[in-house]
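Inside the fold
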Amino acid sequence: MPTQTKSKPILEVEELSISFAQYTSGLRQSSLKVIADLSVSVCPGEIVAVVGSSGSGKSLLAHAILGILPGNAAISGSIRFAGQKLTAEYQEAIRGREIALIPQSVNYLDPLMQVGKQVRNAAKIARGSSPDRAAARKIQREAFARYNLAPEVERLLPFQLSGGMARRVLVATALVSSARLVIADEPTPGLDDAAVRETLGCFRELADQGRGVLLITHDIETALEIADRIAVFYAGTTVEVAPVQDFSGGGEALRHPYTKALWRSLPKNDFAPIPGFQPHPNALPEGCLFQPRCPMATPECTAGRPEMRAVREGMVRCIHAS
Amino acid sequence: MGLVPFILKKLLRMAALLIALCILSFWLVSYSPLDPVQAYVGADMTRVSSEQSEMIAEYWGLNKPPLERFLHWGSAVLHGDLGTSMIFRRPVAEVIGERFMASLALMSTAWLLSGVLGFALGAVAGMKQGTWADRLIKWYCFTLASTPAFWLGLLLVMVFAVWLGWFPVGLGVPAGKLADDVTLANRIYHLILPALTLSILGVANVALHTRQKLVDVLASDYILFARARGEKGLQLFWRHGLRNVALPAVTIQFASISELIGGTVLAEQVFSYPGLGQATVQAGLRSDVPLLLGIVIFSALLVFVGNLAADIIYRVVDPRIRKGESA
């Protein structure tokens, strides 16, 4: 949707780096950079998927945007929400109101609280300091009805929900918040096909209401099905941001060699694996992060980290891309 | 499993426990060097000839085999007859009942105080993890956890009774006052120091457990999500912390009744408080076998009821167990 991508972004993440202070041996401290120079943006009404392998620190992006990183994390770079820089105070003020998180699993619900109450609490917070019980209940019931959750579900505890129900309850917390930006962190693993389709439908609906949706996932096929743009995450950074239409045919429209290789590795394409492994954050290669595994690598690739640059309708971090 | 079958099963288990306990303690006592005749006669033993003492032994059935003696005693216990205390020359059940009422005031005060105070301290330490408040509370708890009850009791007596003179040195009522003249205020006044000793010690356990549980809860995914939804500070604690932490705290507090009984024995001894604990020590030192066995059975019952109460409360309060069964 080119018209939407040209509207003013609701979220702009630029050159974001997240590092953790660690005690290595004794009192010696070292810092481990998990995310480096990550850039991504989301416009209203758009779904942007950040796709990367499991355990590569993608969730930290969500936590950084919400300002709920653990205390030993340090961040640099800039995050802007609706054009305004996200400081700790601003994050605290708009958390749950302007930005909502849809977490990974039912473990993110309080095990001892009825799920309806948890959704009502989200609705109350989103509507400022005057909690109106009746209004919150009405909003929660509407959200439940919308997602085909039976009225009696509101009195259930998280452990009594099925996987699909739990997912819909989690999405409902975002719906009732009326947030302008929804961040969904790995929302589909462990669900059957029907439940995945249903969840993705919920996201499309949220986006069609004019919200921006940032979908963080390891599942590229899910991402391709629903997203408008795909940001490819590799070794702690984004190597390419491409419109979803570019993922077609033999991947000729794609810009970065890693994205092309990822596309070709899918079962429906060549099913050809990429040799080698992603580097660990404390053993990153010289120059371009993908260069040791890249079929197109030249001596210039080791000279320095390539900058993110615009190529056609997308962004890429490769000196050879055109 | 519903609540009624659950309780029935627990009662069955209690019966088994009591039977095993009776057999074991009777067996231990029968092998101890205690001579019941000597314990009964006391200082007049030198004036009792060996024929006379043999006659007493025969009258009591002491020359019969242990199994027969046990069955004799056991059937009496089943009929509610715990025998006669040799020190007090009164039925054991009566002595235990009277002593227990005195101890009950002491134990329940200490139990409630330590539970409430310990939970509050643990909650503060957990919420303020890593700050000076947390460190202070932890230091206090570790110090107390390694403090023997009798030593703390002696310390309190020294400071508040001897040096400052604020509280009486010991006993449950003022010395030399007629039983009819003793007021409730008198009793409470004498209760304060021993109750304080016991509750100060009881705090450490529940506080440290509550703190650790709260730290775990605060690091959980659901707290992270609650923060992502904009909840923070006290609101976060009330909504998600309190309930998740209160359940283990209640269990611990009920399960700690056994430790409380142990502490009471020492504290009552230090303060000469006429409770069950003091009676235990006397019964042990002066070879009052019937009283000792009676107290053993009674304390086991008390501990069992405490644990049972914890189990039942857990089932009533924890909606996961309650709903999981009805579903």
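Residues numbered from 1 in each chain as written. Chains lettered and ligands numbered in written order. Predicted model: local features only at pLDDT ≥ 70, side-chain atom pairs only at ≥ 80, totals over all residues. Heavy atoms only, no water.

Within an unreviewed UniProt entry, the label attached to chain A reads Nickel import system ATP-binding protein NikD, and the organism entered is Brevibacillus borstelensis AK1. According to UniProt, the comment filed for chain A under the heading Subunit (unreviewed entry) is "The complex is composed of two ATP-binding proteins (NikD and NikE), two transmembrane proteins (NikB and NikC) and a solute-binding protein (NikA)." In its Catalytic activity (unreviewed entry) section, the UniProt entry covering chain A states "Ni(2+)(out) + ATP + H2O = Ni(2+)(in) + ADP + phosphate + H(+)". (UniProt positions renumbered as here; feature names shortened; annotations may be inferred.)

Residues and elements named next belong to chain A. Assigned domains of chain A: these are domain 1 (2-98 + 179-195 + 211-316) and domain 2 (109-178). Using C-alpha coordinates to define each centre, domain 1 is positioned 30 Å away from domain 2. With 11 residues of domain 1 in contact, the opposing surface of domain 2 contributes 10 residues. Carbon and sulfur atoms supply 50% of the area that domain 1 and domain 2 bury against each other, a total of about 740 Å² over both sides. Its largest share of buried area at the contact with domain 2, domain 1 owes to Arg-97, Leu-191 and Arg-211, together 50% of the area lost on that side. The interface formed by domain 1 and domain 2 holds 0 salt bridges in total. Counting the contacts that link domain 1 with domain 2 gives 5 residue pairs in polar contact (both at pLDDT 80 or more). Residue composition of the side of domain 1 that touches domain 2, by class: 6 nonpolar, 1 polar and 4 charged. (Domains from an automatic or database assignment. Contact = heavy atoms within 4.5 Å. Buried area = accessible area lost by both parts, 1.4 Å probe. Salt bridge = Lys/Arg side-chain N within 4 Å of Asp/Glu carboxyl O. Polar contact = N/O pair within 3.5 Å; in protein donor to acceptor, adjacent residues only side chain to side chain. Nonpolar A, V, L, I, M, F, W, Y, C, P; charged D, E, K, R; others polar.)

All names here are of chain B. A grouping of Phe-150, Trp-151, Leu-154, Leu-155, Met-158, Val-162, Trp-163, Leu-164, Trp-166, Val-169 and Leu-266 is seen on the molecular surface, where their side chains present a nonpolar patch of about 1100 Å² in accessible area. Broken down by element, the residue count for the nonpolar patch peaks at 7 residues, all from helix α7 (residues 149-163). Structurally, the position occupied by Leu-154 is in helix α7. Judged by its relative accessible area of 43%, Leu-154 falls in the partly exposed class. (Patch = residues over 30% accessible without salt bridge, like charges linked within 9 Å, V, L, I, M, F, W, Y side chains within 5 Å. Areas by Shrake-Rupley, 256 points an atom, 1.4 Å probe, with all protein chains shown as cover. Helix = DSSP H or I, 4+ residues; strand = E, 2+ residues; numbered from the N terminus. Buried < 20%, exposed > 50% of the residue type's maximum accessible area, 1.4 Å probe, protein only.)

Turning our eyes to something else, we now look at the domain arrangement of chain B. Residues and elements named next belong to chain B. Segmenting chain B into domains produces domain 1 (33-81) and domain 2 (93-326). On a C-alpha basis, the centres of domain 1 and domain 2 stand 39 Å from each other. Each partner contributes to the interface: domain 1 provides 4 residues, whereas domain 2 provides 5 residues. When the two sides are added together, the surface that domain 1 and domain 2 hide from each other amounts to roughly 400 Å², 84% of it contributed by carbon and sulfur. Taken as a group, Leu-34, Ala-39 and Trp-73 account for 84% of the area that domain 1 buries against domain 2, more than any other trio of residues on that side. Run the count over domain 1 and domain 2 and you get 0 salt bridges. Linking domain 1 with domain 2 are 0 residue pairs in polar contact (both at pLDDT 80 or more). Considered class by class, the residues forming the side of domain 1 that touches domain 2 number 4 nonpolar, no polar and no charged.

Time to look at the interface of chain B and chain A. Each side of the interface is counted separately: chain B has 22 residues, and chain A has 29 residues. When chain B packs against chain A, the two sides together hide about 2300 Å² of surface, and 62% of this comes from carbon and sulfur. Scanning the region where chain B abuts chain A turns up 1 salt bridge. Residues B:Lys232 and A:Glu92 are paired through a salt bridge, measuring 3.4 Å at the closest nitrogen-oxygen approach. Counting the contacts that link chain B with chain A gives 6 residue pairs in polar contact (both at pLDDT 80 or more). The set of elements that each furnish at least two residues to the side of chain B that touches chain A consists of α9 (221-228), α10 (233-255) and α14 (319-326) of chain B. Looking at side-chain class alone, the side of chain B that touches chain A contains 7 nonpolar, 5 polar and 10 charged residues.

Right, let's get into the sheet that holds strand β5 (residues 84-85) of chain A. Two pairing modes exist for strands in a sheet, parallel and antiparallel, and in both the strands are linked by backbone hydrogen bonds. Residue and element names in this part refer to chain A. Strand order in this open sheet of 4 strands is β2-β1-β4-β5, and the pairing throughout is antiparallel. One side of each edge strand has no neighbouring strand; the edge strands of this open sheet are β2 (29-42) and β5. Direction of pairing for strand β4 (residues 73-81) relative to β5: antiparallel, over a ladder of 2 bridges. Paired with Arg-80 across the strands is Lys-85, a residue of β5. Contacts between helix α2 (residues 58-66) and the sheet are confined to β1 (11-23), β2 and β4, with β1 contributing the most and set at about 105° to the helix. (Pairing = 2+ DSSP bridges. Axes fitted to C-alpha atoms, helices over the stretch in contact; angles between N-to-C directions.)

Per the stated rule, a full pass over the model turns up 20 salt bridges over all chains. With a shortest N-O distance of 2.8 Å, B:Arg90 and B:Glu98 are connected by a salt bridge. Accessibility expressed as a relative area gives 48% for B:Glu98, which makes it partly exposed. One network of salt bridges, in which partners are shared, links A:Arg137, A:Arg141 and A:Glu154.

Next up on the list: the pairing of β4(A). All names here are of chain A. Relative to β4, β1 runs antiparallel, the two being bridged by 8 bridges. By the bridge assignment, Phe-20 is partnered in β4 with Ala-73. Taking the residues that link successive antiparallel strands as the turn, the β4-β5 hairpin has 2 residues, and the phi of Ala-82 there is positive, at about 50°.

What follows is about the pairing of strand β3 (residues 47-51) of chain A. All names here are of chain A. Extensive coverage of β3 is indicated by the burial of 5 of its 5 residues. Relative to strand β8 (residues 212-217), β3 runs parallel, the two being bridged by 5 bridges. Looking at the pairing, Val-48 lines up with Leu-214 of β8. In terms of strand pairing, β3 meets strand β9 (residues 229-234) through 4 bridges, oriented parallel. Paired with Ala-49 across the strands is Ile-230, a residue of β9.

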